[in-house]
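Architecture at a glance
Residues per chain, in single letters:
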Amino acid sequence: MKRINDTVLKSGDIILTTSTEAVSKAIRIATRSDISHAMVCVEGHSVIDATAEGVQARNTQRLFYEDGCSIYILRLRKGFTNAQLNAVITFMRAQIGTQYSTKEAAQTALGGTRRPSRKQFCSRLVAQAFSHAGIELVGNVNFCSPADLKESPLLMAIGNPAIEVPAEEKARWDKHVDSTEIMRKAINDVFAGARAKNKDIQTFDDVHRHLVENPEDDDAFCALLERSGYLMLWQIELEKNPWQYDVALMNGHNSEEVEAYCRMTLRDQESGPHRYIVNRGAYRLFSRQFGFRFFHAMAELYQHLASLHAQRIKTATAWLTMRGHPLPARPPELVPHTPEWFASLEQWDPPQAMMTRVVIDAVGRSDVCSGCGDDPASDYVLEESQRPLGGPSTLRLCSDCLGIRRSAGEYYVPLT
């Protein structure tokens, strides 16, 4: 028994595998290859693929393969720019919930192509994600096989793609709650209910469009979120891994494993704002624009997920610091009203960014208060313990707005 060697895995890597199931054997025969499945690593131990369950996320630590099954890890030869990597991962995540097309997967394996549907199968999902980033791995991204990906000249194989798994390790995992399986079921329950209203829905973006066009379904779609348990999935992970949020609990675990986790957690921050932050901002904007309960519920969900993620970052940083390990360089605070400041605020809180732009445009200057447009105004930063989960912690404030914020419990100090 073996599993994917996630110690060599990086975000954006393509993993090619096979299994002993009859359908995998048929694909291998039809494509004259030793692999039958493809997926992409999106962060840490998390991969996304398309199977009969649809497009879903999985944990590499729970994917086990017989010794005779092939496993490859393929990486882009020239590497990604941050923008390309973000584009690949964003595409993969946006496809979660999309239905699987057995028919089109079979047509591809047998060499047939037709007009593609919006449904997915494993190698199409991977090829389309890279194409979305401007990287054409294969000649036809809509109809390609895992074998086509394996032969792409743009990819190179990484050594030691698999590691042996002792029987006791697999048995230990089998006893644990599989949070990714629960998540997949909840997501599919949401989409099953949504498709009862509109059979063309494939992704959450489709759900958003349907609600804008059919606001009378707001209550029904909110009920789907609640009945499926989707809004409370975070509790499972919190209860399963409480040590990720508490330094004292971390100290009770294997130090090498904790260090690897902490470094992976901080490394994932380097490619840009976390998806929880981006999604929170988008749903806050939707909620402000349309006022639907569905958008408000999702904004609250991602606010909480961002808070939990911030706690994981804080805990990982604290543990590494206590052990004397070097930390990634901390980026400087953003100066208010600069392009970089607005770009950060627009991802964290789009309505607030729009209001500040309106204020600045109204007075025709940027050296005024971020809230009311008065001058004189100075640059301030929130005290360390109050800094937001994402987005800038700085503002340009006049004395009146500074006093109002301090009376509300927000303690700003001069930005130096």
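To be clear, the structure that these remarks concern was listed above.
Rules behind the numbers
Residues numbered from 1 in each chain as written. Predicted model: local features only at pLDDT ≥ 70, side-chain atom pairs only at ≥ 80, totals over all residues. Heavy atoms only, no water. Core = buried A, V, L, I, M, F, W, Y, C linked by side-chain atoms within 4.5 Å. Buried < 20%, exposed > 50% of the residue type's maximum accessible area, 1.4 Å probe, protein only. Helix = DSSP H or I, 4+ residues; strand = E, 2+ residues; numbered from the N terminus. Contact = heavy atoms within 4.5 Å. Pairing = 2+ DSSP bridges. Axes fitted to C-alpha atoms, helices over the stretch in contact; angles between N-to-C directions.

What follows covers the nonpolar core. Within the largest apolar cluster, 66 residues are counted, with the highest numbers of intra-cluster contacts made by Ile14, Phe130, Leu137, Tyr230, Phe294 and Met298. Looking at which element gives the most residues to this core, the answer is helix 14 (residues 293-322), with 10 residues. Once residues within four sequence positions are removed from consideration, Tyr230 is found in contact with Ala186, Ile187, Val190, Phe204, Leu225, Met298, Leu301 and Tyr302.

What follows covers the sheet that holds strand 10 (residues 378-382). Hydrogen bonds between backbone groups are what pair the strands of a sheet, and the pairing can be parallel or antiparallel. The antiparallel open sheet is built from three strands, whose spatial order is 11-10-12. Lying at the two open borders of the sheet, with one neighbouring strand each, are strand 11 (394-397) and strand 12 (412-414). Direction aside, the axes of adjacent strands within the sheet are offset by 40° on average. Pairing of strand 10 with strand 11 involves four bridges; the strand directions are antiparallel.

A few words now on the environment of Ile313. Along the polypeptide, Ile313 turns up in helix 14. With 195 residues separating them in the primary sequence, Ile313 and Arg118 have C-alpha atoms 37 Å apart. When near neighbours in sequence (up to four residues on either side) are disregarded, Ile313 contacts Thr265, Leu266 and Gln269.

So, about the pairing of strand 10. Summarising the sheet, strand 10 and strand 12 pair through three bridges and their orientation is antiparallel. Bridge pairing in strand 12 places Leu382 opposite Tyr412.

As a further point, take the sheet that holds strand 8 (residues 155-157). The strand order across the open sheet built from six strands is 5-4-3-2-7-8, with neighbouring strands paired in antiparallel fashion. Looking at which strands have only one partner, the edges of the open sheet turn out to be strand 5 (54-59) and strand 8. Between one strand and the next, the sheet's axes are offset by a mean angle of 30°, whatever the strand orientation. Examined bridge by bridge, strand 7 (residues 71-76) and strand 8 share three bridges and lie antiparallel to one another. Residue pairing in the sheet places Leu74 in a bridge with Ala157 of strand 8.

Bear in mind that shape data such as this cannot, by itself, settle questions of function.
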